[in-house]
Amino acid sequence: MAAPEDAKTGSHHKLHLSTKEAVRRFKAHALVEEKTHRDIVRVGLRDSIWTDFYHHALTASWPAFAYSAVIFYFLINLFFALLYWIAPDQVTGDGQHTLLSLFFFSVQTLSTVGYGGMVPVGLYSNTVVSFEVLAGMMINALATGVVFARFARPRARIMFSNTAVISNENGVPALCIRIANLRVSVILSVDVEVALSRLVMSKNGHLVRQFDQLLIVQSHVPVLRFAFVMAHVIGPDSPLHGKTVAELEQEEAEIVVTVTGTDEALGQTVFARTAYRFDHVRHNHRFVDIVVSRPDGRISVDYTRFHDIEEHATHHAPP
């Protein structure tokens, strides 16, 4: 494919960025699809945990969620223990009340267990107990809901191949990516979208991310039971047609894949996505077969070979 017109006439446009600065920005934007939210520093955007607490509670990692829950549980009980410590004589029980014993009394009150070893007496302590019991019921209800939501959140157990391949079957080049359903239940009405993401320099010298859709031979799959290979034919109308690996690497290009479907068992919509740099694309290769028929009539799916590829000979047309 001929070089873009901007590349041919680039000398006629005065860029506002130096070559070194442009390369630095290209590198900074690289692998944006593989980075997590924690790898991105958002300047000028206020993202307080209290303004979107539910979303943060659902998206936090399990270690971070458990650590935050333990710290909050300790602090809330310490707070009420200090309130009881102001008037320890209004909490009856055996022995002298220490901050530690009042802390455990708060734990019992917050959970509404109430073993009976320590009992509030007097207006002040009963008032504090009343507010702590109310707070305990609300915290338990919210915590139960958040934990259930984290477990019940639909997740697509879809596996993507480690590499993408460009096969050349019968002289027709095609970009191929394999996906697999890791659940026993099938995924219904699967829609696959593949896009070529590139960082290009506009005429006025601004670095912009451009997405070009890569049309798939079969972008809609009624039922995904085992594995499926999606293919994009690199024809004259393809954004990849005539592109060299060096050009794509210079543009920090990557292939972005999104999969949407409905889990048959859950009845919920599930999503999955991944991205491939072009150093993860193997030319003149194809995926090995993993679905075979057994002599007893059953179907065997070898997921241990899911990522395996093999080189195939290119068939040249006779002169």
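Each remark here, short or long, concerns the structure printed above.
Residues numbered from 1 in each chain as written. Predicted model: local features only at pLDDT ≥ 70, side-chain atom pairs only at ≥ 80, totals over all residues. Heavy atoms only, no water.

Undergrad: Hey, could you run me through the nonpolar core in this one?
TA: Inside soluble globular proteins, nonpolar side chains tend to come together where they are buried. Residues Leu-175, Met-230, Ile-255 and Val-257 are the most contacted members of the largest nonpolar core, which totals 31 residues. Elements supplying a minimum of two residues to this core: β3 (158-160), β4 (164-169), β5 (172-181), β6 (187-201), β8 (220-224), β9 (227-233), β10 (254-263) and β11 (269-277). For this core, the element with the most residues is β6, which contributes five residues. Contact partners of Val-257, with chain neighbours within four places excluded, come to Phe-160, Ile-177, Val-192, Glu-193, Val-194, Met-230, Ala-272, Arg-273, Thr-274 and Tyr-276. Membership of the second largest hydrophobic core comes to 13 residues, among which are Ala-81, Phe-105, Leu-110 and Val-129. (Core = buried A, V, L, I, M, F, W, Y, C linked by side-chain atoms within 4.5 Å. Buried < 20%, exposed > 50% of the residue type's maximum accessible area, 1.4 Å probe, protein only. Helix = DSSP H or I, 4+ residues; strand = E, 2+ residues; numbered from the N terminus. Contact = heavy atoms within 4.5 Å.)

Undergrad: What am I meant to see in a nonpolar patch on the surface here?
TA: Together, Tyr-67, Ile-71, Phe-74 and Leu-75 give the surface a local cluster of nonpolar side chains, amounting to about 430 Å² of exposed area. Tracing the backbone through its elements, the reader meets Tyr-67 in helix α4 (residues 62-86). Judged by relative accessible area, which is 59%, Tyr-67 ranks as exposed. (Patch = residues over 30% accessible without salt bridge, like charges linked within 9 Å, V, L, I, M, F, W, Y side chains within 5 Å. Areas by Shrake-Rupley, 256 points an atom, 1.4 Å probe, with all protein chains shown as cover. Salt bridge = Lys/Arg side-chain N within 4 Å of Asp/Glu carboxyl O.)

Undergrad: Hey, could you run me through the packing of aromatic side chains in this one?
TA: Here the distance between the centres and the angle between the planes together describe a pair of aromatic rings. If you walk through the whole model with that rule in mind, you get six aromatic pairs. Measuring from ring centre to ring centre gives 5.3 Å for Phe-79 and Phe-80, while their planes differ by 75°; the resulting arrangement is edge-to-face. Their ring planes at 65° and their centres at 5.1 Å tell us that Tyr-84 and Phe-105 sit as a pair that is edge-to-face. With a gap of 21 residues between them, Tyr-84 in helix α4 and Phe-105 in helix α5 (residues 99-110) connect regions that are remote in the sequence. Taken individually, Tyr-84 and Phe-105 each receive the classification buried, so the pair is uniform in this respect. Ring pairing ties together the aromatic residues Trp-62, Phe-65 and Phe-151, which thus form one cluster. If you follow Arg-150 out to its NZ or CZ, it ends over the ring of Phe-65, 4.6 Å from the centre. (Phe/Tyr/Trp six-rings, centres within 6.5 Å; stacked < 30°, edge-to-face > 60°. Lys NZ or Arg CZ within 6 Å of the ring centre and 35° of its normal.)

Undergrad: Is there a simple way to think about the side chain of Glu-132 in this case?
TA: Secondary-structure assignment places Glu-132 in helix α6 (residues 123-152). Buried charge Glu-132 goes without a salt bridge, the closest partner of opposite sign being Arg-150 at 24 Å. Among all residues touching Glu-132, those that are not within four sequence positions of it are Asn-77, Phe-80, Tyr-84, Ser-106, Thr-109 and Leu-110. (Lys, Arg positive; Asp, Glu negative; His and termini not counted.)

Undergrad: Please explain the packing of α5 against α6 as it appears in this structure.
TA: In a pair of packed helices, the angle between the axes and the distance between the axes together describe the arrangement. Where α5 meets α6, the closest approach of the two axes is 8 Å, and the angle between their N-to-C directions is 60°. One way to sum up the angle between α5 and α6 is to call them oblique. Across the interface between the two elements, Phe-105, Ser-106, Thr-109 and Leu-110 of α5 pack against Val-129, Glu-132, Val-133, Ala-135, Gly-136 and Asn-140 of α6. Partitioned by chemical class, the residues of the contact of α5 with α6 number five nonpolar, four polar and one charged. (Axes fitted to C-alpha atoms, helices over the stretch in contact; angles between N-to-C directions. Parallel < 35°, antiparallel > 145°, perpendicular 65-115°, else oblique. Nonpolar A, V, L, I, M, F, W, Y, C, P; charged D, E, K, R; others polar.)

Undergrad: It is not clear to me how the environment of Ala-227 should be interpreted in this structure. Could you clarify?
TA: Along the chain, Ala-227 falls in strand β9. Accessibility expressed as a relative area gives 27% for Ala-227, which makes it partly exposed. In sequence terms Ala-227 and Asn-181 are 46 residues apart; their C-alpha atoms lie 6.3 Å from each other. Ignoring sequence-local partners within four residues, the contact set of Ala-227 consists of Arg-178, Ile-179, Ala-180 and Ile-290.

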